[in-house]
Amino acid sequence: MNWEKISEFIFEFAATWGSKLLGSIVILLVGAKCIKSLCKWIRKSPKLDRLDDGIRSFMVSFTRILLYIVLVITIAMILGVPTTSFITILASCGVAIGLALQGSLSNFAGGLMILFFKPFKIGDYIEASGESGTVSEISVVYTELLTVDNKRITIPNGGLTNSVIKNYTAEGVRRVDLTFDASYDDNVDNVKKVIADVVAKNELALTDPAPFIRVSECSQSSVKYTVRVWCKTEVYWDVYFDILEGVKKAFEENGIHIPYQQIDVHVDNN
């Protein structure tokens, strides 16, 4: 083994490529650190507080991808890769990747549509694509939901924009719909008054629009009363459960019966 030739090769390689490799590693580390810091600034800076949280989240994702592409090109140029050839190869790879990732491009377009038309924003409770939860993040290609039982659901933006979206918190007020059953033997006006008293005592229920309490159906075993009460969106479930429990207790106190489902059978002895 010729150690002299090996040493000569090592020194020649170090002289030719050593500085380039070292410079590339330094730029890679510094560039990655700068990209991370910039994304953190976009996410946390008070100067961008006027921006919607969804737009800010999208900006973070898009900026990170774009800057990493620039960083890779810069490192390739430092290593001596011809710029023209590299860009040509990159463009060819871009076309191939674009064909392979048509779904992801559709998701990217969907993300832009979400930010432009704003069917929902971060913090809204929505139902879409068969899932429901609070929007926690809107990124370049997907949207994250946090369910009421603390599960994180990731939905591609492409499918999200092509589905029906129900936004439960977009408006300031919501209507609480409840149905109660009472016996045919109970006086209709008395039942309505008992329900109205429970609704009136609830401080979270709005008086404008006025509550709606009417008989909605005469079923086989009971009379059904539909109750519609408006409230602020953030207290929807409080009003729902308070009225539900309040009416049950009020029925018991006033002797109003909630009948079990029953069938009358008539026997003909002839």
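Data block above holds the structure.
Bear in mind the structure is a predicted one, so any value in this text is a computation, not a measurement.

**Comments concerning a nonpolar patch on the surface**
- Together, Leu 22, Val 26 and Val 30 line one region of the surface with nonpolar side chains, adding up to about 260 Å² of accessible area.
- A residue is classified by how much of its surface remains accessible, and Leu 22, at 55% relative accessible area, is exposed.

**A closer look at the sheet that holds strand β8 (residues 223–232)**
- Spatial ordering of the open sheet is given by β6-β8-β7, a layout of 3 strands whose pairing is antiparallel. Edge positions in the open sheet fall to β6 (173–182) and β7 (212–218), since each of these has one partner strand only. Pairs of neighbouring strands in the sheet enclose a mean axial angle of 25°, with direction left out of account.
- Bridge analysis of β7 against β8 gives 6 bridges, and the strand direction is antiparallel.

**Looking at the nonpolar core**
- The biggest cluster of nonpolar side chains holds 24 residues, and the ones touching the most others in it are Phe 180, Ile 195, Val 227, Ile 243 and Phe 251.
- A total of 6 residues in this core trace back to one element, the largest contributor, which is helix α7 (residues 236–253).
- Those residues in contact with Phe 251 that sit more than four places away from it in its chain are Phe 180, Asp 181, Val 191, Val 194, Ile 195, Ile 256 and Ile 258.
- Judged by nonpolar contacts, the second largest core, of 13 residues, contains Leu 115, Phe 120, Ala 128 and Leu 145.

**Description of the sheet that holds strand β2 (residues 131–138)**
- Taken in spatial order, the 5 strands line up as β4-β3-β2-β1-β5 in an open sheet, and their pairing is antiparallel. Either end of the sheet is taken by a strand with one partner, and the two such strands are β4 (152–156) and β5 (166–167).
- Sheet topology places β2 next to strand β3 (residues 142–146); 4 bridges connect them, and they run antiparallel. Considered in β3, the bridge of Ile 138 is made with Thr 143.

**Observations concerning the packing of aromatic side chains**
- Applying the stated criterion across every chain, the model contains 7 aromatic pairs.
- Aromatic side chains Phe 180 and Phe 251 sit 6.3 Å apart centroid to centroid with 65° between the ring planes, which places their arrangement in the edge-to-face category. Residue Phe 180 is found in strand β6, and its partner Phe 251 is found in helix α7; the two are separated by 71 residues along the sequence. Note on accessibility: Phe 180 and Phe 251 belong to one class, buried.
- Taking the centre distance of 5.2 Å and the plane angle of 85° together, the rings of Tyr 240 and Phe 241 count as edge-to-face.
- Looking at Tyr 240, the relative accessible area reads 22%, which means it is partly exposed.
- The ring of Tyr 236 carries the charged tip of Arg 174 above its face, separated from the ring centre by 3.9 Å.

**Let's talk about α7**
- Between the first and last C-alpha of α7 there are 26 Å, a value that for 18 residues agrees with the 26 Å anticipated at 1.5 Å per step.
- Within α7, burial applies to Tyr 236, Val 239, Ile 243, Val 247, Ala 250 and Phe 251. Burial along α7 is one-sided: seen end-on, the buried residues are contained in an arc of 100°. Facing away from the buried side of α7 by more than 90 degrees, the exposed set consists of Lys 249, Glu 252 and Glu 253.
- Looking one or two residues past α7, Gly 255 carries a phi angle of roughly 70°, positive in sign.

**A few points about the pattern of salt bridges**
- On inspection of all chains with the given rule, the structure shows 7 salt bridges.
- Across the pair Lys 121 and Asp 124 runs a salt bridge whose closest N-O atoms are separated by 3.4 Å.
- Judged by relative accessible area, Asp 124 falls into the buried class, the value being 5%.
- Notably, a salt bridge pairs Asp 197 with Lys 193, separated by 3.1 Å at the nearest N-O pair. Taken as a pair, Asp 197 and Lys 193 lie in helix α6 (residues 188–201) at a separation of 4 residues, close to a single helical turn.

**Points about the packing of α6 against α7**
- One way to put it is that α6 packs onto α7 with a least axis distance of 9 Å and a crossing angle of 135°. One way to sum up the angle between α6 and α7 is to call them oblique. When you trace α6 past α7, the crossing you get is right-handed. Judged by residue contacts, Val 191, Val 194, Ile 195, Val 198 and Val 199 of α6 engage Ile 243, Gly 246, Val 247, Ala 250 and Phe 251 from α7.

**Notes on α6**
- Between its first and last C-alpha, α6 extends 20 Å over 14 residues, near the 20 Å set by a 1.5 Å rise per residue.
- Within the span of α6, buried status applies to Val 191, Val 194, Ile 195, Val 198 and Val 199. Along the axis of α6, the buried residues cluster in a sector spanning 135°; they form a single face. When the buried face of α6 is taken as reference, the exposed residues oriented beyond 90 degrees from it are Asp 189, Lys 193, Ala 200 and Lys 201.
- The secondary structure elements touched by the buried residues of α6 are β6, β7, β8 and α7.
- Near the N-terminus of α6, the side chain that reaches the backbone nitrogen of Asp 189, with its oxygen 3.0 Å away, is that of Asn 187.

Reading the values: rules and limits
- Throughout this document, residue positions are counted from 1 along each chain, in the order its sequence is written.
- Local features in this predicted model are restricted to residues of pLDDT 70 or higher, and side-chain atom pairs are both shown and tallied only at a pLDDT of 80 or more, whereas totals for entire chains, interfaces and linings draw on every residue.
- Where side-chain values are given, they derive from all heavy atoms of the structure, hydrogens and water being excluded.
- Patches were defined on residues exceeding 30% relative accessible area and lacking a salt bridge, with like-charge contacts within 9 Å and nonpolar side-chain contacts (Val, Leu, Ile, Met, Phe, Trp, Tyr) within 5 Å.
- Values of accessible area rely on a 1.4 Å probe in the Shrake-Rupley scheme; residue burial ignores everything except the protein chains shown.
- In the sections that follow, a salt bridge refers to a side-chain nitrogen of Lys or Arg positioned within 4 Å of a carboxyl oxygen of Asp or Glu.
- The classification of residues rests on relative accessible area computed with a 1.4 Å probe and restricted to protein chains. Under 20% of the type maximum is buried, over 50% is exposed, and intermediate values are partly exposed.
- Note: two strands are recorded as paired if DSSP finds a minimum of 2 bridges between them.
- Each helix is a run of DSSP H or I of at least 4 residues and each strand a run of E of at least 2, with the numbering of both proceeding from the N terminus.
- A fitted line through C-alpha atoms serves as each axis, taken over the contacting stretch for helices, and the angle formed by two N-to-C directions is quoted from 0 to 180°.
- Buried Ala, Val, Leu, Ile, Met, Phe, Trp, Tyr and Cys residues form a nonpolar core when they are joined through side-chain atoms within 4.5 Å.
- By definition in these notes, contact holds between two residues if any of their heavy atoms fall within 4.5 Å.
- A pair of aromatic rings is counted whenever rings of Phe, Tyr or Trp (Trp by its six-membered ring) have centres within 6.5 Å, and the orientation is called stacked for planes under 30 degrees apart, edge-to-face for over 60 and tilted otherwise.
- Our definition puts a charge over a ring when NZ of Lys or CZ of Arg is within 6 Å of the ring centre and also within 35 degrees of the ring normal.
- A helix is expected to span 1.5 Å for every residue after the first.
- Here, the arc refers to the directions that run from the helix axis to the C-beta atoms.
- In what follows, roughly perpendicular refers to angles from 65 to 115 degrees, roughly parallel to angles under 35, roughly antiparallel to angles over 145, and oblique to any angle outside these ranges.
- The crossing is said to be left-handed when, going from far helix to near helix, the turn is anticlockwise and less than a right angle, and right-handed when the turn is clockwise.
- For the purposes of these results, a polar contact is taken to be a pair of N or O atoms within 3.5 Å, where, inside protein, one atom must be able to donate a hydrogen and its partner to accept one; residues adjacent in sequence count only when each atom of the pair is a side-chain atom.

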